[in-house]
Amino acid sequence: MTQILIIEDEAEIRNEVMDWLTFEGYEVRDAANGKLGLEAINQSIPDLILCDIAMPELNGREVLIEVRSKTHLSHIPFIFLTAASDRDSIRKGMELGADDYLTKPFTHAEVLKAVRSRLERKVIQERQVQTQIDTL
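These notes cover the structure that comes with them. (Residues numbered from 1 in each chain as written. Predicted model: local features only at pLDDT ≥ 70, side-chain atom pairs only at ≥ 80, totals over all residues. Heavy atoms only, no water.)

Topic: helix H2 (residues 34-43)
Residues separated by three or four positions in an α-helix point in the same direction, a consequence of the helix having 3.6 residues per turn. The line we're drawing: Buried, partly exposed and exposed residues are distinguished by accessible area as a fraction of the type maximum, computed with a 1.4 Å probe on protein chains only: under 20%, between the cut-offs, and over 50%, respectively. Put simply, DSSP H or I for four residues or longer makes a helix, DSSP E for two residues or longer makes a strand, and each gets a number counted from the N terminus. Working definition: the arc comes from the directions between the helix axis and the C-beta atoms, pointing outward to the latter. Pairs of residues are marked as contacts when any of their non-hydrogen atoms sit within 4.5 Å. Any pair of nitrogen or oxygen atoms within 3.5 Å is treated as a polar contact; in protein, a donor-acceptor pairing is required on top of that, and neighbouring residues in sequence qualify only through side-chain atoms on both sides.
Of all the residues in H2, the buried ones are Gly-34, Gly-37, Leu-38, Ala-40 and Ile-41. Seen end-on, H2 carries its buried residues on one side only, within an arc spanning 160°. Summarising the geometry of H2, the exposed residues directed more than 90 degrees from the buried face are Asn-42 and Gln-43. In the core, the buried residues of H2 are packed alongside strand S1 (3-7), strand S2 (27-31), strand S3 (48-52) and helix H3 (60-69). Between the side-chain oxygen at the start of H2 and the backbone nitrogen of Lys-35 there is a gap of 3.0 Å, and the oxygen is on Asn-33.

Description of the packing of aromatic side chains
As a reminder, the rule being used: A pair of Phe, Tyr and Trp rings is counted when the ring centres sit within 6.5 Å of each other, with Trp represented by its six-membered ring. The angle between the planes then sorts it: under 30 degrees is stacked, over 60 is edge-to-face, the rest tilted.
All told, the structure shown has 3 aromatic pairs when counted by the stated rule. Taken together, a centroid distance of 5.2 Å and an interplanar angle of 80° make the contact between Phe-78 and Phe-80 edge-to-face. One exposure class covers both Phe-78 and Phe-80, and it is buried. Each member of the aromatic cluster is reached from another via a ring pair, and the members are Phe-78, Phe-80 and Tyr-101.

Right, here's the structure in full:
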C-alpha cells in the first residue's frame, strides 16, 4: 500500500488531508512539525511527503533540504502545502527541490491530483531506472 506522510502543524488541516487520503486508499501517517516529520521519515520511508512550510522546530524548507541531502530519501516526491503564495516563495521551494506546491486554501481535488501525479511520475522513473539496470 502506498504510504504518505503529512507534516503539518495545524491539526485541522492535517486531519482533513489525512481523511481525504485515507478515504482514497492510501496509508497515511502524520507529524505535527518538521522535527517529528524527519523522525517519521527515518522510522519508515514514505512513498510521498506533503509538508507545510511555516512550522515550529524545523520548517518545511529545512525538512526538504534534509530529505534531498540523503541519497536513500532524495527520490521521494515532496509537495509543499502552504499559505505562502507569492512568486518568490514558490520559486524558492521549487529551487530547493520540491516536486509541487499547493497553496492554502486548497481543495480535496487539488490535493488528490497532485498526489496521483507525483506518484505516477515516481513509478515511471523507477521503471526507467530498472530498465537501465537491466540493460547494464
